[in-house]
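Geometric and topological summary
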2 protein chains.
Amino acid sequence: VTTVSTVAFADRLAARVAERRSQLVLGLDPDPARLWPASAASAEAEGDAVALHCRALIAAAGSACVAIKPQLACFERLGAVGRAALDAVVEAAHAAGLLVLADGKRGDVPVTARAYAEALTGKPPKGLGADALTANPLLGRDALEPLLETGAGVFLLVRTSNPGAADVQDLRLDDGRALWEALAALADDLGSGRIGAESGLSNVGAVVGATAPEHLARARELMPRTVFLLPGVGAQGGRIEDLAAAWAPGRAAGLVTASRSIARAHERADAPDDPATAAASAAERLRDTAWAASG
Amino acid sequence: VTTVSTVAFADRLAARVAERRSQLVLGLDPDPARLWPASAASAEAEGDAVALHCRALIAAAGSACVAIKPQLACFERLGAVGRAALDAVVEAAHAAGLLVLADGKRGDVPVTARAYAEALTGKPPKGLGADALTANPLLGRDALEPLLETGAGVFLLVRTSNPGAADVQDLRLDDGRALWEALAALADDLGSGRIGAESGLSNVGAVVGATAPEHLARARELMPRTVFLLPGVGAQGGRIEDLAAAWAPGRAAGLVTASRSIARAHERADAPDDPATAAASAAERLRDTAWAASG
């Protein structure tokens, strides 16, 4: 597996956060039925239209962000053209100085995990060239090692933002912990040998939904050096003001993801009609709110 | 989401198992460095070579099987050409009368799960047109519903075949069950409203590794109408003779997957040198062993 960079992800992230004064991650979940009108009108093919839409979004809101988070499912549903669209989006993000966090929540047995590591973090055009990825820890340590060995940031699902998360992640173990707390301990342990020398943060991150802020302080206690990826702000009801515990170890220790609240900011009654203008101002507002909450 | 067929997957599977007298699933995990020589030599591009290899494997071993199980990671690591190769393989499998079980172990929040449902079970060329898929249950019920609603077979990870599976799946809950037993109960419950009228089997299947046969009887007790997908036979050490409990509800209630032991059968000292001849005879042997064990 050829890794994209030999510098630990956590340190690269922390440097980028400081430089851009942003902890905002631009979620890219393109729905072909809801593209910005200019993108939909100027491309004949759906893959091209999706790529145009995402690149317009990066051009509009990227400067307020530190990374993009493409939702792989949304590209895969386009068929064979989806991957070419995704490749174009990754290239545009890197050109704009943004990190790329591939959101696929993969998890598989070791031999297959190696194939996912190649697919996601290998060099383009065969690899996606992502700097980080999300992963599902249900299959245990040996299934995560091939992802970790790439040097990419690996954000393990610990407590997700959907209502159904409680069904499994909140199951109570015989030692009194919830399952998600055991996953948090696993993330902490896997990251303990992978701490960035500059940042003091771990290459093993954690997905902790912003919709359950009551878990955040406990999550931070269990994972003192882990970068939290915090989905669920905005459309799903999470509030940045409730996330302060995430930033206890430093500015880069919490990443706020937002997609609909940026891409569809223009649908709000009080917003500018132009999608790009509305997206830029929504992203700047989110960036400033997070920066203030993390200080 | 357009589903591939309106007949419940479980019934289609059971009919196909009876007709082909096979419970064997041909795993397709193509490694570009280990393709059959004829495929590697006759294609200039890697994607074409992988597709040729898989189609040759289907031509050789498919008649002894009931389904193929493409490992999505192995196609994704080819880059943009991977999906076109996968589409060609799915088409070849369907033409050969085989069901297609997309092995991607996806699991995501509901809005994203809908995108995966489209990507995997939608009609080609945008959708993959798979008849069934594997899914990770860590995100709970609401994350699984969009997959179930497609009518495709959904095989939930319950107890996987890798050594690290114990790290999380064997965690003990406060009610005395292992986590995997709670996942089994979830699979049973989600499937209870999705029982095929003909087969009596559920559309919600379970992945239960053949490497831990000591769990099988308990798994069958917890999931009396669930089709088990049984990976780990052959290279990983599982033996078909140990899997009888899987077939208690009927011939179609256990599917044995094999990939390396078929695709690389010619590497065994006692096997024919021709990969296709060796693969055909390995597949027939596995099919016959499973049929005998399930009677």
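First things first, this report covers the structure right here in the doc. (Residues numbered from 1 in each chain as written. Chains lettered and ligands numbered in written order. Predicted model: local features only at pLDDT ≥ 70, side-chain atom pairs only at ≥ 80, totals over all residues. Heavy atoms only, no water.)

Brief notes about the overall build of chain A
- Within chain A, the secondary structure is distributed over twelve helices and eight strands.
- Relative to the compact-globule value of 19 Å for 295 residues, chain A shows a C-alpha radius of gyration of 18 Å, a close match.
- Taken over the C-alpha atoms alone, chain A extends approximately 55 × 40 × 40 Å along its principal axes.
- Here the analysis covers contacts within chain A between residues at least 6 apart in sequence; of these, 69% occur between residues at least 24 apart.
- When the accessible area of chain A is evaluated, it comes to approximately 10,200 Å², of which 50% is carbon and sulfur surface.
- For chain A, the distance from the average position of its 29 positive side-chain charges to the average position of its 35 negative side-chain charges is 2 Å. (Helix = DSSP H or I, 4+ residues; strand = E, 2+ residues; numbered from the N terminus. Rg over C-alpha atoms; globule rule 2.2 N^0.38 Å. Contact = heavy atoms within 4.5 Å. Areas by Shrake-Rupley, 256 points an atom, 1.4 Å probe, with all protein chains shown as cover. Lys, Arg positive; Asp, Glu negative; His and termini not counted. Charge placed at Lys NZ, Arg CZ, Asp CG, Glu CD.)

Digging into the pairing of strand S5 (residues 153-159) of chain B
Residue and element names in this part refer to chain B.
- Within S5, seven of the seven residues are buried, which leaves the element mostly enclosed by the surrounding structure.
- Remark: the strand S4 (residues 132-135)/helix H7 (residues 141-148)/S5 crossover connection has right-handed handedness.
- Strand direction decides the pairing type here: S5 and strand S6 (residues 204-208), joined by five bridges, are parallel. What sits directly across from Arg159, in S6, is Val208. (Buried < 20%, exposed > 50% of the residue type's maximum accessible area, 1.4 Å probe, protein only. Right-handed = clockwise from strand over helix to strand, strands pointing away. Pairing = 2+ DSSP bridges.)

Some points on the packing of aromatic side chains
Residue and element names in this part refer to chain A.
- Summed over the entire model, instances satisfying the criterion amount to two aromatic pairs over all chains.
- Ring centres 6.1 Å apart and planes at 85° place the aromatic pair Phe9 and Phe155 in the edge-to-face group. Residue Phe9 is located in helix H1 (residues 9-20), and its partner Phe155 is located in strand S5 (residues 153-159); the two are separated by 146 residues in the primary sequence. Neither residue differs from the other here; Phe9 and Phe155 are each classed as buried. (Phe/Tyr/Trp six-rings, centres within 6.5 Å; stacked < 30°, edge-to-face > 60°.)

A closer look at the relation of the copies chain A and chain B
- Relative to chain B, chain A is turned by 180° and slid 0.0 Å along the rotation axis, the superposed coordinates differing by an RMSD of 0.0 Å. Given the turn and translation reported, the copies of this chain are related as if by a two-fold rotation axis.
- A shared binding surface is used by both copies, with 100% of the interface residues of chain A retained as interface residues in chain B. (Least-squares fit on C-alpha atoms with pLDDT ≥ 70 in both.)

Regarding the sheet that holds strand S1 (residues 24-28) of chain A
All names here are of chain A.
- Taken together, eight strands build a closed barrel; the order of strands is S1-S2-S3-S4-S5-S6-S7-S8 and the barrel is parallel. Here the average twist between neighbouring strands, direction ignored, is 30°.
- Sheet topology places strand S2 (residues 67-70) next to strand S3 (residues 99-106); two bridges connect them, and they run parallel. The residue of S3 that forms the bridge with Ile68 is Val100.
- In the packing of helix H3 (residues 46-61) onto the sheet, the strands contacted are S1 and S2, and the crossing angle to S1 comes to about 165°. (Axes fitted to C-alpha atoms, helices over the stretch in contact; angles between N-to-C directions.)

Here we look at the pattern of salt bridges
- Per the stated rule, a full pass over the model turns up 42 salt bridges over all chains.
- With its nearest N and O atoms 2.9 Å apart, the salt bridge here joins Asp87(B) to Arg83(B). Taken as a pair, Asp87(B) and Arg83(B) lie in helix H5 (residues 80-95) at a separation of four residues, close to a single helical turn.
- For Arg83(B), a relative accessible area of 14% translates into the label buried.
- For Arg194(B), the salt bridge is made with Glu145(B), and the minimal N-O distance between the two is 3.1 Å. Here Glu145(B) lies in helix H7 and Arg194(B) lies in the loop between helix H9 (179-191) and S6, a separation of 49 residues in the sequence.
- Judged by relative accessible area, which is 24%, Arg194(B) ranks as partly exposed.
- Note on Glu145(B): relative accessible area 28%, which makes it partly exposed.
- Taken together, the salt bridges that share partners define one network made up of Lys69(A), Asp103(A), Lys105(A) and Asp108(B). (Salt bridge = Lys/Arg side-chain N within 4 Å of Asp/Glu carboxyl O.)

Overview of the interface of chain A and chain B
- Counting residues at the interface gives 54 residues for chain A and 54 residues for chain B.
- Of the roughly 4,300 Å² buried where chain A meets chain B, counting both sides, 58% is carbon and sulfur surface.
- Broken down residue by residue, the surface that chain A buries against chain B is led by Arg77(A), Lys126(A) and Leu138(A), which jointly contribute 16%.
- Our enumeration of links across chain A and chain B arrives at eight salt bridges.
- The partner of Glu46(A) in a salt bridge is Lys126(B), and the shortest N-O contact between them spans 2.9 Å.
- Listing elements by their share of the side of chain A that touches chain B, those giving two or more residues are helix H4 (72-76), helix H5 (80-95), S3, helix H6 (110-121), helix H7 (141-148), helix H8 (165-169) and helix H9 (179-191) of chain A.
- For the side of chain A that touches chain B, the residue count by class is 26 nonpolar, twelve polar and 16 charged. (Buried area = accessible area lost by both parts, 1.4 Å probe. Nonpolar A, V, L, I, M, F, W, Y, C, P; charged D, E, K, R; others polar.)

Focus on the sheet that holds S6(B)
All names here are of chain B.
- Spatial strand order, S1-S2-S3-S4-S5-S6-S7-S8: eight strands in a closed barrel with parallel pairing. Neighbour-to-neighbour, the strand axes of the sheet open up by a mean angle of 30°, direction not taken into account.
- Two strands pair when backbone bridges link them, and strand S7 (residues 228-230) and strand S8 (residues 254-258) are joined in this way by three bridges, in the parallel orientation. Each bridged residue has a counterpart across the sheet, and for Leu230 the counterpart in S8 is Val256.
- The sheet strands contacting helix H3 (residues 46-61) are strand S1 (24-28) and strand S2 (67-70), and the helix crosses S1 at an angle near 165°.

Section: the packing of H7(B) against H9(B)
All names here are of chain B.
- The interhelical angle for the contact between H7 and H9, taken along N-to-C directions, is 45°, at an axis separation of 12 Å. Classified by the interaxial angle, the pair formed by H7 and H9 is oblique. Considering how the two elements wind past one another, H7 and H9 form a crossing that is right-handed. Here Arg141, Leu144, Glu145 and Leu148 of H7 lie close against H9, whose contacting residues are Leu186, Asp189 and Leu190. (Parallel < 35°, antiparallel > 145°, perpendicular 65-115°, else oblique. Left-handed = near helix turned anticlockwise from the far one by under 90°.)

What about the packing of H5(A) against H5(B)?
- In the contact formed by H5(A) and H5(B), the axes pass within 7 Å of each other and the chain directions differ by 170°. The angle between the axes of H5(A) and H5(B) places the two elements in the roughly antiparallel class. The residues of H5(B) that touch H5(A), namely those facing Ala80(A), Arg83(A), Ala84(A) and Asp87(A), are Ala80(B), Arg83(B), Ala84(B) and Asp87(B).
- Partitioning the contact of H5(A) with H5(B) into residue classes produces four nonpolar, no polar and four charged.

A few points about the pairing of S6(B)
All names here are of chain B.
- Within S6, five of the five residues are buried, which leaves it mostly tucked inside the rest of the structure.
- The side-chain alternation of S6 yields two buried faces, one formed by Val204, Ala206 and Val208 and the other by Gly205 and Val207.
- In terms of strand pairing, S6 meets S7 through two bridges, oriented parallel. Each bridged residue has a counterpart across the sheet, and for Ala206 the counterpart in S7 is Phe228.

Some points on the side chain of Thr150(B)
- When you line up the elements, Thr150(B) lands in the loop between H7 and S5.
- Reaching out from Thr150(B), the side chain makes a polar contact with the backbone nitrogen of Ala152(B) at a distance of 3.1 Å. (Polar contact = N/O pair within 3.5 Å; in protein donor to acceptor, adjacent residues only side chain to side chain.)

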